[in-house]
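Each chain, letter by letter, is given below.
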Amino acid sequence: SVAPGMDREAVAMKTIIFGGTTEGREQAALALARGEDVRVSVTSEYARQFLPQGAACHVGALDEAAMTAWLMQERPERIIDATHPFAVRATQTIRACADALHIPYVRIERAEDRRESWDDAVTWAGNSEEAAALAARCKGNILLTTGSHTLSVYAKVIKPERLFVRVLPTHQALDLCAAAGMVQSHIIAMQGPFSRALNAALYDQLHIRAMVSKDSGQPGGVADKVLPALERGIDVIMIERPKEDER
């Protein structure tokens, strides 16, 4: 409600943003610059630290029931879904809640970064299981740049002494590395973005012969991973981006 005499135009639009460390942060900054009342939902304390000042934050994963309850409490006028392009289940849940509560919904889709010069030079996989099977056929050391949540998929079919992994520097990621049986000295815990030169140095230092990546676009640094790999004759296995439903 608006107090008597208060100009309705002066009341800030309330926007809830679901996001991670890249698009979520960018959308929060844009909404704050427009003078909106911003709430951002992220899944970890690690992601919270990248948000701009002035953005209220909810930390923790939400299932559909919890998300619905939170949205009913907050009563936003708009929802922006800026989650990672591979967070398919999160997007499905956010859309379902927005539809059920009749809240306008906007999906921020990350642009792809496929280059004609390398699109046919990489091997494409439909999911992590397929990528792991392809990587297992490669000889030599393998670098996984696909995050910590699917490590166990690769560890089931590839000997740990051949696996190197680059993950976020969080306790959760390191715990998942340990659970997957990763060799401790083969864990690279770093926050991106990573330059082409840094990727090239890692390939050389670790004697990498195959690299697995997700097709997560330029914010994910895909081209800067792929190009120096191809220059070195490294096999590149790329997991295709999930297709999003048309809205």
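Q: Help me understand the side chain of Thr 91 in this model?
A: Position of Thr 91 relative to the elements: it lies in helix α4 (residues 88-101). Once residues within four sequence positions are removed from consideration, Thr 91 is found in contact with Asp 81, Thr 83, Tyr 105 and Arg 107.

Q: Got a minute to help me understand the sheet that holds strand β6 (residues 123-125) in this structure?
A: In sheet architecture, strand pairing relies on hydrogen bonds along the backbone and comes in two forms, parallel and antiparallel. Spatial strand order, β6-β11-β10-β7-β8-β9: six strands in an open sheet with parallel pairing. Here the strands that pair on one side only, and so sit at the sheet edges, are β6 and β9 (187-189). In this sheet, adjacent strand axes meet at a mean angle of 20° when their direction is disregarded. Two elements, β6 and strand β11 (residues 235-239), share three bridges in a ladder whose sense is parallel. In the strand pairing of β11, Thr 123 is matched with Ile 237. On the sheet, helix α5 (residues 128-136) packs against β6, β7 (141-144), β10 (208-214) and β11 and is oriented at approximately 145° with respect to β6.

Q: Help me understand the pairing of β11, please; the structure alone is not making it clear to me.
A: Remark: a regular strand shows side chains that alternate across the two faces of the sheet. Among the five residues that make up β11, four are buried, leaving the element largely enclosed by the rest of the structure. As paired strands, β10 and β11 are joined by five bridges and run parallel to one another. By the bridge assignment for β11, Val 212 is matched with Ile 237.

Q: For this particular structure, what's the right way to read the packing of aromatic side chains?
A: Working definition: an aromatic ring pair is given by the centre-to-centre distance plus the angle between the planes. Summed over all chains, the structure comprises one aromatic pair. Between the aromatic rings of Phe 18 and Trp 70, the centroid separation amounts to 6.0 Å while the plane-to-plane angle is 80°, which identifies the pairing as edge-to-face. With Phe 18 in strand β1 (residues 14-19) and Trp 70 in helix α3 (residues 64-74), this pair connects stretches of sequence that are 52 residues apart. As far as the burial class goes, Phe 18 and Trp 70 line up, both buried.

Q: In this structure, what is going on with the nonpolar core? I would like to understand it.
A: Nonpolar side chains in soluble globular proteins tend to be buried together. Membership of the largest hydrophobic core comes to 24 residues, with the highest contact counts inside it found for Ile 142, Leu 144, Tyr 154, Val 212 and Ile 237. Breaking this core down by element, the ones donating at least two residues are α5, β7, α6 (151-155), β8 (163-167), α7 (171-179), β10 and β11. The element that contributes the greatest number of residues to this core is α5, accounting for four residues. Once you skip the residues sitting within four places of it in the chain, Val 212 turns out to touch Ala 131, Ala 135, Ile 142, Leu 143, Leu 144, Thr 145, Thr 146, Tyr 154 and Ile 237. Counting 16 residues, the second-largest nonpolar core is a separate cluster that includes Phe 164, Ile 188, Met 211 and Ala 229.

Q: Got a minute to help me understand the packing of α3 against α4 in this structure?
A: The packing of two helices is summarised by the inter-axis angle and the distance between the axes. Interhelical geometry of α3 versus α4 gives an angle of 45° and a closest axis separation of 10 Å. Classified by the interaxial angle, the pair formed by α3 and α4 is oblique. Seen along the crossing, α3 lies across α4 with a hand that is right-handed. Contacts between α3 and α4 pair Glu 64, Met 67, Thr 68, Leu 71 and Met 72 from the former with Thr 93, Ile 94, Ala 96, Cys 97 and Leu 101 from the latter. Broken down by class, the residue content of the contact of α3 with α4 amounts to seven nonpolar, two polar and one charged.

What counts, and at which threshold
- Residues numbered from 1 in each chain as written.
- Predicted model: local features only at pLDDT ≥ 70, side-chain atom pairs only at ≥ 80, totals over all residues.
- Heavy atoms only, no water.
- Helix = DSSP H or I, 4+ residues; strand = E, 2+ residues; numbered from the N terminus.
- Contact = heavy atoms within 4.5 Å.
- Pairing = 2+ DSSP bridges.
- Axes fitted to C-alpha atoms, helices over the stretch in contact; angles between N-to-C directions.
- Buried < 20%, exposed > 50% of the residue type's maximum accessible area, 1.4 Å probe, protein only.
- Phe/Tyr/Trp six-rings, centres within 6.5 Å; stacked < 30°, edge-to-face > 60°.
- Core = buried A, V, L, I, M, F, W, Y, C linked by side-chain atoms within 4.5 Å.
- Parallel < 35°, antiparallel > 145°, perpendicular 65-115°, else oblique.
- Left-handed = near helix turned anticlockwise from the far one by under 90°.
- Nonpolar A, V, L, I, M, F, W, Y, C, P; charged D, E, K, R; others polar.

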